[in-house]
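# Coordinates in review
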Amino acid sequence: MKVVIADDEPLARERLRALLAEQPGVEVVAEAENGVEALQACAEHRPDVVLLDIAMPGVDGLETARHLAAFDPRPAVVFCTAYDAHALSAFEAAAIDYLMKPIRAERLSAALERARMFVAGRANGNGHDPQAGPARQVRTHLCARMRGSLRLIPIEEVHYLQAEEKYVVVHHARGEDLIEESLKSLEEEFGDRFVRIHRNCLVARHELVELKRAGDGHVQAILRHGKAPLEVSRRCVAGLRETVRHL
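Residues numbered from 1 in each chain as written. Predicted model: local features only at pLDDT ≥ 70, side-chain atom pairs only at ≥ 80, totals over all residues. Heavy atoms only, no water.

## A short note on the packing of aromatic side chains
Within the structure shown, the criterion is met by one aromatic pair. Relative to phenylalanine 194, the ring of phenylalanine 190 lies with its centre 6.4 Å away and its plane at 80°, an arrangement referred to as edge-to-face. Phenylalanine 194 shares its class with phenylalanine 190; the two are buried. (Phe/Tyr/Trp six-rings, centres within 6.5 Å; stacked < 30°, edge-to-face > 60°. Buried < 20%, exposed > 50% of the residue type's maximum accessible area, 1.4 Å probe, protein only.)

What follows is the structure in structure tokens.
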């Protein structure tokens, strides 16, 4: 069973590594100091289990777990933390266990056994649905994964989201990336930040400048950082005019 350790404290990683060395059939394939490194390691090594600290700089453990829930295959997430206040959020993020530091060998062994059961169920198509249960918390980044590497895109840098076949193209301050999420789920999660202008397009509210009618009669949205106007569907025009009026 392949394991990734993610903790910003070197001593905590060292203790976990020592405990895991006593577990049969376990291989530590990578270590990470923060959420970004953890996601990169998981994209590269496709581990069965991630031992994940919560309080890490930048992208914390909870948000890392929410991104990992979209990975295929999805690793089992076991939180390892010094705080019990995050337990509910941890299980909302589809963690299979929650270990309190200092971690005891018997608790780690039990968590790994649960992870083995999770992996076996995943192989049989019976893995837990990450969308089930309480409402998911809103992320601060989108995760684009291509050919074993990934890029985290801050939500505040996204200009607009456009559906193309089974992907969504994220147009952002540093370029464009593809993500494997539906426009509908993104609208549900980030509805306070994006507004629908077409069945295939969501635009960041702060990017909207004005609406104008083109020569062919269609209404177009002008964006602050858009290379070209975006078409607005007729059913979205009235609501969008109201949105622009209150910006």
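## Quick look at the packing of helix α2 (residues 35-45) against helix α3 (residues 61-68)
Contact geometry for α2 and α3: axes closest at 9 Å, N-to-C directions at 25°. With respect to α3, the axis of α2 lies roughly parallel. Between α2 and α3 lies a crossing of right-handed hand. Facing Gly35, Ala38, Leu39 and Cys42 of α2, the residues of α3 in contact are Thr64, His67 and Leu68. Of the residues in the contact of α2 with α3, the class split is four nonpolar, three polar and no charged. (Axes fitted to C-alpha atoms, helices over the stretch in contact; angles between N-to-C directions. Helix = DSSP H or I, 4+ residues; strand = E, 2+ residues; numbered from the N terminus. Parallel < 35°, antiparallel > 145°, perpendicular 65-115°, else oblique. Left-handed = near helix turned anticlockwise from the far one by under 90°. Contact = heavy atoms within 4.5 Å. Nonpolar A, V, L, I, M, F, W, Y, C, P; charged D, E, K, R; others polar.)

## Overview of the sheet that holds strand β2 (residues 27-32)
The parallel open sheet is built from five strands, whose spatial order is β2-β1-β3-β4-β5. In this open sheet, the two edge strands, each paired with only one partner strand, are β2 and β5 (97-100). Across the sheet, the axes of successive neighbouring strands diverge by a mean angle of 20°, strand direction being ignored. Pairing analysis gives five bridges linking strand β1 (residues 2-6) to β2, with the strands arranged parallel. Note that in β2 the partner of valine 4 across the bridge is alanine 30. Strands β1, β2, β3 (49-52) and β4 (76-81) of the sheet are contacted by helix α1 (residues 10-21), whose axis makes an angle of about 160° with β1. (Pairing = 2+ DSSP bridges.)

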